[in-house]
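# An overview of the molecular structure
These are the residues of each chain, in order.
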Amino acid sequence: MLNIKNLHVQVGDNPILHGIDLTVRPGEVHAIMGPNGSGKSTLSATLAGKEDYEVIEGEISFNGKDITELDPDERAGEGVFLAFQYPVEIPGVSNKLFLKTALNGIRQYQGKDELDRFEFEDLLEEKAALLKMPMDLLERSVNEGFSGGEKKRNDILQMAVLSPQLCVLDETDSGLDIDALKAVSHGVNSLRDGKRAFIMVTHYQRILDYIKPDFVHVLYKGKIIKSGDHTLAATLEEKGYGWLIGEE
Ligand code: ADP
Ligand code: MG
Ligand code: MG
């Protein structure tokens, strides 16, 4: 599904990623871990196609199509979703309207009919119930005055409604209390269906107790220096990163 080959990325004049190779197949969950400043957020931002993240070498292909030069809206249309590390607030735009606009934009890109108000309401209610998300959050402005936990739940709700094939979650677990962490994990797990793939970027092992990854990769100084199965996360929790990067 996703094939990243020899990806080199720079931001401004700073080279940050130095040759990433990663293959993600349908249904898989990949965790990207690594110390602060390793380039994890740069990798997610690059996957989402955010401006300022310049691919200077290598290729990102998705379902066989080269998406390296596509803009974020086009990538969303292709089925890639990024939950932002620091979700934006959009004062004056209700969560509901935002989601409806985003969803219909994607449907239009995919050549599907737009959902009308009633079809959209039904979909939203179904997804909100699935995630145990209170409906009143949907009437509020996007992320405005949301608590940290509410923002993250909202990210997951957006993901459920937009129904992408590949979800990239950048530190969705940071700053969550245990109830919010469980709610978010429940949301992600309920969206796992054997076809949808996830890339979970996380600094901590904690969320991986709830969402079991198929693969764990350690990013350090812009390179993947180790890959393994879910037991690698537990080893990292126990031993830290020092043993991997030549420090004890
Ligand atoms: P992580 O998410 O693993 O903590 P980041 O991808 O945020 O790492 O950062 C990797 C490196 O790139 C850091 O040295 C950081 O200072 C640098 N960096 C990230 N974003 C920018 C930016 N917009 N401009 C300049 N340097 C950046
Ligand atoms: Mg960082
Ligand atoms: Mg980061």
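This write-up is about the structure you can find in this document. Since this is a predicted model, take the numbers as computed values, not measurements.

When helices and strands are counted, the protein chain shows 8 helices and 12 strands. What you see for the protein chain is a C-alpha radius of gyration of 18 Å, in line with the 18 Å of a compact globule of 248 residues. By principal-axis analysis of the C-alpha atoms, the protein chain measures approximately 55 × 40 × 35 Å. Evaluated residue by residue, the protein chain yields a buried proportion of 38% over its 248 residues. A fraction of 70% describes how many contacts in the protein chain between residues 6 or more apart in sequence connect residues 24 or more apart.

Extensive coverage of strand E10 (residues 197-201) is indicated by the burial of 5 of its 5 residues. Of the two faces of E10, the one carrying Ala197, Ile199 and Val201 and the one carrying Phe198 and Met200 are both buried. As paired strands, strand E3 (residues 29-33) and E10 are joined by 4 bridges and run parallel to one another. If you follow isoleucine 32 over to E10, its bridge partner there is valine 201. Direction of pairing for strand E9 (residues 166-170) relative to E10: parallel, over a ladder of 5 bridges. Residue pairing in the sheet places leucine 166 in a bridge with alanine 197 of E10.

Time to look at the sheet that holds strand E11 (residues 215-220). Strands sit in the order E6-E9-E10-E3-E11-E12 across an open sheet of 6 strands; the sheet is mixed. Among the strands making up the open sheet, the edge pair consists of strand E6 (80-83) and strand E12 (223-228). The average angle at which neighbouring strand axes cross in this sheet is 20°, direction not considered. Inspection of the sheet shows E3 paired to E11 by 4 bridges, in the parallel sense. Within E11, the position partnered with methionine 33 by the bridge is valine 218.

Before going further, it helps to spend a moment on the pairing of strand E1 (residues 2-11). With 8 bridges connecting them, E1 and strand E2 (residues 14-24) associate as antiparallel partners. In the sheet register, asparagine 3 faces E2, and the bridge partner there is threonine 23. With antiparallel pairing between neighbouring strands as the criterion, E1 and E2 make up a hairpin whose turn holds 2 residues, including glycine 12 at a positive phi of roughly 60°. Judged from the 8 bridges that link them, E1 and strand E4 (residues 53-62) form a sheet pairing that is antiparallel. Residue pairing across strands places lysine 5 opposite glutamate 59, the latter belonging to E4.

The immediate surroundings of ligand 1 are formed by Val11, Gly12, Asn14, Ile16, Gly34, Asn36, Gly37, Ser38, Gly39, Lys40, Ser41 and Thr42. For the shell around ligand 1, the elements supplying multiple residues, two or more each, are E2 and helix H1 (40-48). The biggest single contributor to the shell around ligand 1 is H1, with 3 residues. In terms of residue class, the shell around ligand 1 is built from 2 nonpolar, 9 polar and 1 charged.

Definitions and cut-offs
Residues numbered from 1 in each chain as written. Chains lettered and ligands numbered in written order. Predicted model: local features only at pLDDT ≥ 70, side-chain atom pairs only at ≥ 80, totals over all residues. Helix = DSSP H or I, 4+ residues; strand = E, 2+ residues; numbered from the N terminus. Rg over C-alpha atoms; globule rule 2.2 N^0.38 Å. Buried ≥ 20, exposed ≤ 12 C-beta atoms within 10 Å, placed from the backbone. Contact = placed C-beta atoms within 7 Å. Pairing = 2+ DSSP bridges. Axes fitted to C-alpha atoms, helices over the stretch in contact; angles between N-to-C directions. Near = placed C-beta within 6 Å. Nonpolar A, V, L, I, M, F, W, Y, C, P; charged D, E, K, R; others polar.

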